[in-house]
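Descriptive analysis of the structure
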Amino acid sequence: MSKIASSSGKKVNRIGLELQPYRGDKTTLCAGCGHNAISERIVDACFEMGVDPSRVIKLSGIGCSSKSPAYFLGGAHGFNGVHGRMPSLGTGAVLANKQLMAIGTSGDGDTGAIGIGQFVHLMRRNLPIVYIIEDNGCYGLTKGQFSPTADLGSKAKTGVVNELPPIDTCALAVEMGASFVARSFSGDKKQLTAVLKAALSHRGTAMVDVISPCVTFNDHVGSTKSYAYARDHDEPLGEIDFIPHFQEIDVEYEPGTTHAVTMHDGSRLILKKLESEYDPTDRLEAVRVLHETSRRAEFATGVIYVEPDKEDFIEMLNLVEEPLATLPLERVRPTKATFEKILQELR
Amino acid sequence: MSSTGVVAQDATASSSSRQTVNDFNIQVATVNGSGSQTANLVLFRSIFKMGIPVSGKNLFPSNIAGLPTWYTIRVSRDSYLARKPEVDVLVAMNAATAREDVMGLDSGAAVVYDEAMDLSTVRDDLIFYPVPFASLVAESCPDAKLRRLVRNMIYVGVLAKLLDINLAYVEESLDGQLGRKVKALELNQSALRGGYDYADEHLSKRDRFVLEPMAKTNGKILVDGNNAAALGAMMAGVTVVAWYPITPSSSLCETLIDYMGKYRVDEETGKATFAVVQAEDEIAAIGMTLGAGWAGARAMTSTSGPGISLMAEFTGLGYYAEVPAVIFDVQRVGPSTGLPTRTAQGDILSTAVLSHGDTKHLLLLPSSVTECYSMSLRAFDLAERFQTPVFVMSDLDLGMNSWMSEPFEYPTGQPDRGKLLDAETLKRLKEWGRYRDVDGDGIAYRSLPGDGMPTYFCRGSGHDAEARYSERADDYEENLKRLATKFETARDAVPGPVIERESEGSIGVIAYGSSHWAVIESCDQLHHEAGLDLTYCRLRSLPFNAVLNDFIDRCERVYVVEQNRDAQMLSLMRMELSPERIAKLRSVLYFGGLPLDARSVTDTILASEGSELAPTTSA
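Residues numbered from 1 in each chain as written. Chains lettered and ligands numbered in written order. Predicted model: local features only at pLDDT ≥ 70, side-chain atom pairs only at ≥ 80, totals over all residues. Heavy atoms only, no water.

Re the overall build of chain B
What counts here: Secondary structure elements follow DSSP: runs of H or I no shorter than four residues count as helices, runs of E no shorter than two count as strands, and numbering proceeds from the N terminus. The atom set for the radius of gyration is the C-alpha atoms, and the globule formula is 2.2 Å times the number of residues raised to the power 0.38. Accessibility here uses a 1.4 Å probe with only protein chains present; expressed as a share of the type maximum, an area under 20% marks a residue as buried, one over 50% as exposed, and anything in between as partly exposed. Whether two residues are in contact is decided by their heavy atoms, any of which lying within 4.5 Å being enough. Here the open area of atoms and residues is found with the Shrake-Rupley method and a 1.4 Å probe, where only the protein chains shown may cover a residue. The charged-residue count follows a simple rule in which Lys and Arg add positive charge and Asp and Glu add negative charge, with His and chain termini not counted at all. The atom standing in for a charge is NZ when the residue is Lys, CZ when it is Arg, CG when it is Asp and CD when it is Glu.
From N to C terminus, chain B includes 21 helices and 23 strands. Relative to the compact-globule value of 25 Å for 619 residues, chain B shows a C-alpha radius of gyration of 27 Å, a close match. Residues classed as buried in chain B amount to 60% of the 619 residues present. The long-range share in chain B, meaning contacts at least 24 apart out of those at least 6 apart in sequence, stands at 76%. For chain B, the accessible surface area stands at approximately 23,400 Å², while carbon and sulfur atoms represent 50% of it. Each charge class in chain B can be summarised by its mean position, and for the 59 positive and 81 negative side chains these summaries are 2 Å apart.

Following this line, the structure appears as structure tokens:
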């Protein structure tokens, strides 16, 4: 994309902002934590998409993942809530002001255990929000207990073997009616940035599960969420090109080798085939691929399912154009005549 | 057998000296799910239309169909609206409870019953009115499948005749209940007439209970507290509502949904100026409410005790991160499921300090439907002014029963949106910190997402005055102290205690919420029966303020009336008041789940006063 320079000579984006407002506080997570890479990708994606940080709300629950909103988009409002309940805070905030862009970060425990109830209902409602799971298969902040996304047979640092089957948050999201479901790996800079950009351009809930190794408690031999394991078992569904709505398509794609999806805002998501044809708008295919790769002990990455034009929660509720939060009194308080009419019916 | 009753033994009309006019209690005993609610409300409203003060109490089981249910209508020329346990006119429609219902009556009571039950031999000191419901309903409703639904209207007709209710009022009330349902209206009208005509031809008035028109309900409205609270919320300009169904609070949000659908849809665009979400549970409901409050909406949820427990963690977040929210707690009985269709004031203590760590909340304590409306309005102002969750503590008796009230007042003036940061304030403050107490009242200025003002990171973890993450002891203490200051500021901003009844005596009584109605009646009973004059102070909110202290100071002893086992409000007073004041407090407790009656209060106070006045043997 074309970049203009600001008066200070620094690179600015399409809305004229430098990178600074997209950055956050210095991270307090462990050096090498996958979550830090995700924060960087969020910064990149938002900067390049020209997202206005002052219109963004960052939301999270509890855990290492939920600390990360402090480390990106410092110019945005943020709300770090209670464990597993970020979806409800986000729902309230977006209903209060539908002009806000909500980005939530959660963890595999925050989403898959304590918060699974709110997670599935968020997927059902299709609230406009980017919901990122920073998935490391363990509870980092309480020192490494298994989370519900830990694979069967995966070994903890203590040597304990996980005996319960994992919850596949992507399969669950597809099943619950999510309209955008993706999986990526914190170590895959290019794919993750493209996936996040697509998520930002989606209207409705964009669920992005990112395998994000915990360097302290889950990065050893025997773990299925380590960097090494993730690199070896990542099975991209195709190379992704994301072309934002404000950018001209300047690359020629050879017919038959790509699958293109037009997002609601006009952006184009182009999947370049690797081995087999994959249509991310086919829900049954999405479920099949998730199950099949999981049976091979691999994990499929990329945009797994997308339904660009599904009605979102805001449309369903038929809300007025302006934010509800700041509607003037005369629009939210019925007139005295109406009030008298109501009282008359009670006589 | 009984010869001492005031029963007119002959079949002619009783003499006027034996008449009891506009001061008795009607109870209808039916089976849940039999459609009796329409009939009962028609009867209730008809008496109201005669200008006679009435109160209706629905005593219903936690069941959809099949279990016994009772509806009582108290007629009171003196405007006493509390529950009266003694039944004067019984309508026995439920064979399963009829004998017990009849055995519980005082001598001289009237019984209208289905003649198929053969009740008249059970006692000989009552006036029995057998009614052939089966044949009457068959006559008025040819379709056998629909008979169940109109059967109850027959007793309305019978009572209209026996008690002398103007039939025009009954038909008007029926029309109001069924309105546009033409077929149902016709069938019910026919059943009503059938009952009336039967009584006219076959029953001669022998009991002493009669109704005479008065002018005490002119201009008044009849409404339940949940409806009133919903109306208050709509008039307050609520925009985001999240809820989860639970008895007895469901009808609050359901009524609100009706109101909003009618009156809060933009006329030009057809779009809604509100969002209502039926959440997946109460945790999500309060989460949505807080999320919306943080983003600047007037947001609310409504629940009952079990939901309050689930909201505990989030409420602590709301308190500590300082987010406005309005929570209606329509209280019911019990820990766990308890008695979900019975009333109590059992959530006072747990809600006052709901959550973990140091938390204390603003509670409003409506005692009437009028206050369910006005405090609903007020709660939104307080929540935004103090940037904190505010609880409106209603109960099943207030919330689900119909009460007469003066018409509500249209709100005047602008809502108080609290200390919102704007360009002018920012200029004045020079430097802004989300949790800085610049005004000395403990309340800081907040910015809203998307408002163009400086942003902050809202969090439940430790933070300093600039909203930065902090685990420093001094930062945490400073913040908690400021929250305490804010609570002190609230003492004189919340609706304070009111002295409802002055007297020369030195004995006081304190009550709150729906207990009010029993207490005002009890004060009169104590005056008439024992010459005991109480001064009565009604609490309207937490935190307490100086009015309460002054009240206790001028009393020798004070009875605190509550509908719970553990003297919850008195316990809160113990936490705050001086030992001298605490020593004056005595508890009057009722926790059986039925709406509190005056006699229970009177008897407890009389017994206690007897022992207070009795010479003590200990040195």
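Notes on the overall build of chain A
For chain A, the count of helices and strands is 12 helices and 15 strands. The C-alpha radius of gyration computed for chain A amounts to 21 Å, which stays within 12% of the reference 20 Å derived for 347 residues, consistent with globular compactness. By principal-axis analysis of the C-alpha atoms, chain A measures approximately 75 × 50 × 45 Å. Sorting the 347 residues of chain A into buried and exposed places 57% on the buried side. Excluding contacts between residues fewer than 6 apart, the proportion of contacts in chain A whose partners are at least 24 apart in sequence is 70%. Of the accessible surface of chain A, which amounts to about 14,000 Å², a share of 52% is contributed by carbon and sulfur atoms. Counting 37 positive and 44 negative side-chain charges, chain A places the centres of these two groups 7 Å from one another.

Focus on unusual backbone geometry
In this structure, the amide linkage connecting T247 of chain B to the following residue, P248 of chain B, adopts the cis form with an omega of 5°. Mapped onto the elements, P248 of chain B comes out in the loop between β10 (240-243) and α8 (250-263). Backbone torsion omega between L542 of chain B and P543 of chain B reads 5°, so that peptide bond is classified as cis. The residue P543 of chain B is located in the loop between β21 (541-542) and α18 (546-553) in this model. Positive phi, close to 45°, is recorded for L73 of chain A, a residue that is not glycine. When you line up the elements, L73 of chain A lands in the loop between α2 (64-67) and β4 (77-80).

Some points on the domain arrangement of chain B
Residue and element names in this part refer to chain B. Short version of the rule: All domain edges in this entry derive from an automatic or database-based domain assignment. Two parts placed together each lose some accessible area; with a 1.4 Å probe, that loss summed over both constitutes the buried area. By definition, a salt bridge exists where a carboxyl oxygen of Asp or Glu is found within 4 Å of a side-chain nitrogen of Lys or Arg. Within 3.5 Å is the distance limit for a polar contact, defined as a pair of N or O atoms, with the added protein rule that one can donate a hydrogen and the other accept it, and that residues adjacent in sequence qualify only through two side-chain atoms.
The assigned domain composition of chain B is domain 1 (16-210), domain 2 (223-405), domain 3 (423-491) and domain 4 (498-611). Placing a centre on the C-alpha atoms of domain 1 and another on those of domain 2 gives a separation of 35 Å. Taken residue by residue, the interface counts 13 residues in domain 1 and 10 residues in domain 2. Between domain 1 and domain 2 lies a buried interface of about 1,000 Å² when both sides are counted; carbon and sulfur atoms form 63% of it. Looking at the side of domain 1 facing domain 2, the largest losses of area belong to K57, F60 and L81, adding up to 46% of the total buried there. Counting across the interface, domain 1 meets domain 2 through 1 salt bridge. A salt bridge links D397 to K57; the shortest N-O distance between them is 2.9 Å. Linking domain 1 with domain 2 are 4 residue pairs in polar contact (both at pLDDT 80 or more). The set of elements that each furnish at least two residues to the side of domain 1 that touches domain 2 consists of α1 (36-49) and β3 (54-59).

Thoughts on the packing of aromatic side chains
The test is simple: Pairing of aromatic rings covers Phe, Tyr and Trp, the last counted by its six-membered ring, and requires centre-to-centre distances within 6.5 Å; plane angles under 30 degrees mean stacked, over 60 mean edge-to-face, and any other angle means tilted. By the criterion adopted, a ring carries a charge over it if an Arg CZ or a Lys NZ lies within 6 Å of its centre and within 35 degrees of its normal.
This structure, assessed with the given rule, holds 14 aromatic pairs over all chains. Ring centres 5.6 Å apart and planes at 65° place the aromatic pair F339 of chain A and Y410 of chain B in the edge-to-face group. Placement of the pair is F339 of chain A in helix α12 (residues 336-345) and Y410 of chain B in the loop between β16 (402-405) and α15 (423-429), with the two residues belonging to separate chains. The class for F339 of chain A is buried, based on a relative accessible area of 0%. Its end group placed over the ring of F246 of chain A, R14 of chain A keeps NZ or CZ at 3.9 Å from the ring centre. Just above the ring of F72 of chain A sits the side chain of K58 of chain A; from NZ or CZ to the centre is 5.7 Å.

A short note on the layout of surface pockets
Residue and element names in this part refer to chain A. Selection rule: A pocket here means an open set of points on a 1 Å grid, computed over the protein atoms alone, that has protein on both sides within 12 Å along at least five of seven lines. A cavity is instead a set of points where a 1.4 Å probe fits but cannot get out; residues with an atom within 4 Å of a point line either one. Grid points are joined across faces, edges and corners, and a volume is the space filled by probe spheres set on the points. Under the scheme applied here, ten amino acids are nonpolar (Ala, Val, Leu, Ile, Met, Phe, Trp, Tyr, Cys and Pro), four are charged (Asp, Glu, Lys and Arg), and all others, including Gly, are polar.
Counted as a void, the second largest pocket has a volume near 710 Å³. Among the elements that make up the lining of the second largest pocket, the one with the highest residue count is helix α7 (residues 189-201) (3 residues). Residues belonging to the lining of the second largest pocket are distributed by class as follows: 13 nonpolar, 7 polar and 8 charged.

As for the nonpolar core
Rules: Here the nonpolar core consists of buried residues drawn from Ala, Val, Leu, Ile, Met, Phe, Trp, Tyr and Cys, with membership extended through side-chain atoms lying within 4.5 Å.
Counting 126 residues, the largest nonpolar core has I26, L231 and M300 of chain B as the members making the most contacts within it. Those residues in contact with I26 of chain B, other than ones at most four positions away along the chain, are L43, I47, Y71, T72, I73, V75, V89, L159 and L163 of chain B. Counting 106 residues, the second largest nonpolar core, distinct from the first, contains A96 and L100 of chain A together with L429 and V558 of chain B.

What about the sheet that holds strand β15 (residues 389-395) of chain B?
All names here are of chain B. To be explicit about the condition: Two strands are counted as paired when DSSP detects at least two bridges linking them. Axes here mean lines fitted to C-alpha atoms, for a helix over just the part in contact, with angles spanning 0 to 180 degrees between N-to-C directions.
Reading across from one edge, β11-β10-β12-β13-β15-β14-β21 is the order of the 7 strands in this open sheet, with mixed pairing throughout. Each edge of the open sheet is held by one strand with a lone partner, namely β11 (275-278) and β21. The sheet contact formed by strand β13 (residues 325-331) and β15 spans 7 bridges and is parallel. Within β15, the residue paired with V326 across the bridge is V390. Across the sheet, helix α9 (residues 282-294) is in contact with β10, β11, β12 (299-303) and β13; its angle to β12 comes to roughly 160°.

A closer look at the side chain of T273 of chain B
Take T273 of chain B: it is sitting in the loop between α8 and β11. A polar contact of 2.8 Å, which involves the side chain of T273 of chain B, links it to the backbone oxygen of R264 of chain B. Ignoring any residue separated from it by four or fewer positions in sequence, one finds T273 of chain B in contact with V320, L324, L327, R331 and V332 of chain A together with T239, R264 and D266 of chain B.

Quick notes on the interface of chain B and chain A
On the chain A side, the residues contacting the 70 residues of chain B number 56 residues. Counting each side, the surface lost to burial between chain B and chain A is near 5,000 Å², with a carbon and sulfur contribution of 64%. Looking at the side of chain B facing chain A, the largest losses of area belong to Y263, Y410 and F457 of chain B, adding up to 13% of the total buried there. Our count for the contact surface shared by chain B and chain A stands at 2 salt bridges. For E280 of chain B, the salt bridge is made with R125 of chain A, and the minimal N-O distance between the two is 2.7 Å. A per-element tally of the side of chain B that touches chain A places α9 of chain B first, with 8 residues. Here the side of chain B that touches chain A is composed, by residue class, of 42 nonpolar, 17 polar and 11 charged. Here 3 bridges tie β4 of chain A to strand β17 (residues 457-459) of chain B, and the two strands are oriented parallel to one another. Paired with G78 of chain A across the bridge in β17 of chain B is F457 of chain B.

Here we look at the pattern of salt bridges
Two side chains carrying opposite charge are able to pair once their charged atoms lie near each other. All names here are of chain A. For the coordinates displayed, the defined rule picks out 57 salt bridges over all chains. Where E315 meets R203, a salt bridge forms, and the shortest distance between an N and an O atom there is 2.8 Å. With E315 in helix α10 (residues 313-316) and R203 in the loop between α7 and β10 (205-211), the pair connects residues that are 112 residues apart, well separated along the chain. Residue class for E315 comes out partly exposed when judged on its relative accessible area of 38%. Through salt bridges with shared partners, a single ionic network connects E235, E285, R288, E292 and R296.

Observations concerning the sheet that holds strand β5 (residues 89-92) of chain B
Residue and element names in this part refer to chain B. Pairing within the open sheet is mixed, and its 6 strands lie in the order β3-β4-β2-β5-β6-β7. Each having just a single partner strand, β3 and β7 (127-131) make up the two edges of the open sheet. The average undirected angle you get between the axes of adjacent strands in this sheet is 15°. With 5 bridges joining them, strand β6 (residues 110-114) and β7 adopt parallel strand pairing. The residue bridging V112 from the neighbouring strand is Y129, located in β7. Strands β2 (23-31), β5, β6 and β7 of the sheet are contacted by helix α4 (residues 147-163), whose axis makes an angle of about 160° with β2.

Structural notes on the pairing of strand β20 (residues 534-539) of chain B
Residues and elements named next belong to chain B. We apply this condition: We call a crossover right-handed when, viewed with both strands directed away from the observer, the connection leading from the first strand over the helix to the second proceeds clockwise.
Counting buried residues in β20 gives 6 out of 6 residues, a clear majority hidden from the surface. The alternating pattern of β20 places L534, Y536 and R538 and T535, C537 and L539 on opposite faces, both of which are buried. Direction of pairing for strand β18 (residues 498-501) relative to β20: antiparallel, over a ladder of 3 bridges. From the neighbouring strand, R501 faces β20, where its bridge partner is Y536. One ladder, built from 6 bridges, connects strand β19 (residues 507-512) with β20; its direction is parallel. Bridge assignment links I507 to a residue of β20, and that residue is L534. Crossover connection from β19 via helix α17 (residues 515-530) to parallel β20: handedness right-handed.

What to know about the packing of helix α1 (residues 34-49) of chain A against α7 of chain A
Residue and element names in this part refer to chain A. In plain terms, the rule: We call two directions roughly parallel when the angle between them is under 35 degrees, roughly antiparallel when it is over 145, roughly perpendicular when it lies between 65 and 115, and oblique otherwise. For any helix crossing, the convention is left-handed if the near helix is rotated counterclockwise from the far helix by under a right angle, and right-handed if that rotation is clockwise.
Between α1 and α7, whose axes approach to 9 Å, the crossing angle comes to 55°. When the axis of α1 is compared with that of α7, the two are oblique. Note on packing geometry: the crossing formed by α1 with α7 is right-handed. Residues I38, R41, I42, D44, A45, C46, E48 and M49 of α1 form the contact with α7, whose own contacting residues are K189, L192, T193, L196, K197, L200 and S201. For the contact of α1 with α7, a count of residues per class yields 8 nonpolar, 2 polar and 5 charged.

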